[in-house]
Amino acid sequence: KSPQVSLPCSVEEFGLLVQRLYTGDALGTRALPVKDCASAVRLAAAAGMLLIDENVPELSDLLAEHVKDPQDVELVDVAMPSLPNTFQLHWKKVGSAVMPTFFQCN
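The residue numbers shown here count from 1 along each chain, following its written sequence. In keeping with the model being predicted, local features are shown solely for residues with a pLDDT of at least 70 and side-chain atom pairs are shown and tallied solely at 80 or more, while totals for entire chains, interfaces and linings include all residues. By convention in this description, side-chain values take in all heavy atoms of the structure and omit both hydrogens and water.

Moving on: the pattern of salt bridges. For salt bridges, the criterion is a side-chain nitrogen of Lys or Arg within 4 Å of an Asp or Glu carboxyl oxygen. A full pass over the atoms with the stated rule returns 2 salt bridges. In this structure, E13 and R42 form a salt bridge, with 2.7 Å as the shortest nitrogen-oxygen distance. Within this pair, whereas E13 is found in helix α1 (residues 11-23), its partner R42 is found in helix α2 (residues 37-49), the two being separated by 29 residues in sequence. Only protein chains enter the accessibility calculation, which uses a 1.4 Å probe. A residue is then buried if its area is under 20% of the maximum for its type, exposed if over 50%, and partly exposed in between. Since its relative accessible area comes to 5%, E13 is described here as buried. The class for R42 is partly exposed, based on a relative accessible area of 30%. For R20, the salt bridge goes to E58, with nearest N and O atoms at 2.6 Å. With R20 in helix α1 and E58 in helix α3 (residues 58-65), this pair connects stretches of sequence that are 38 residues apart. Here R20 matches E58 in class, with each residue buried. Under the DSSP-based scheme used, a helix requires at least four consecutive residues in state H or I and a strand at least two consecutive residues in state E, with every element numbered from the N terminus.

This is the structure in structure tokens:
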């Protein structure tokens, strides 16, 4: 029986992480595109589970860049406690700058 691994990301997203590690191409570039905030959150969670979050430093900025609306802010806030400290600390810095722009429109 082959071992099974359960990751918080899709097979395609896992492939992006593997490509990132082997090619050195940054996530979020044309070579390794990340489509939306939910995908960035799943990648961050998987990087944390695999203990490679320090090997993908661009993921913190990428996560913040993909926050486009109040639903994305909520998604990141809900996921944040389960993400590695590297992402939590970064979100504390940039999250406060991202959130007011959404709530000023309301």
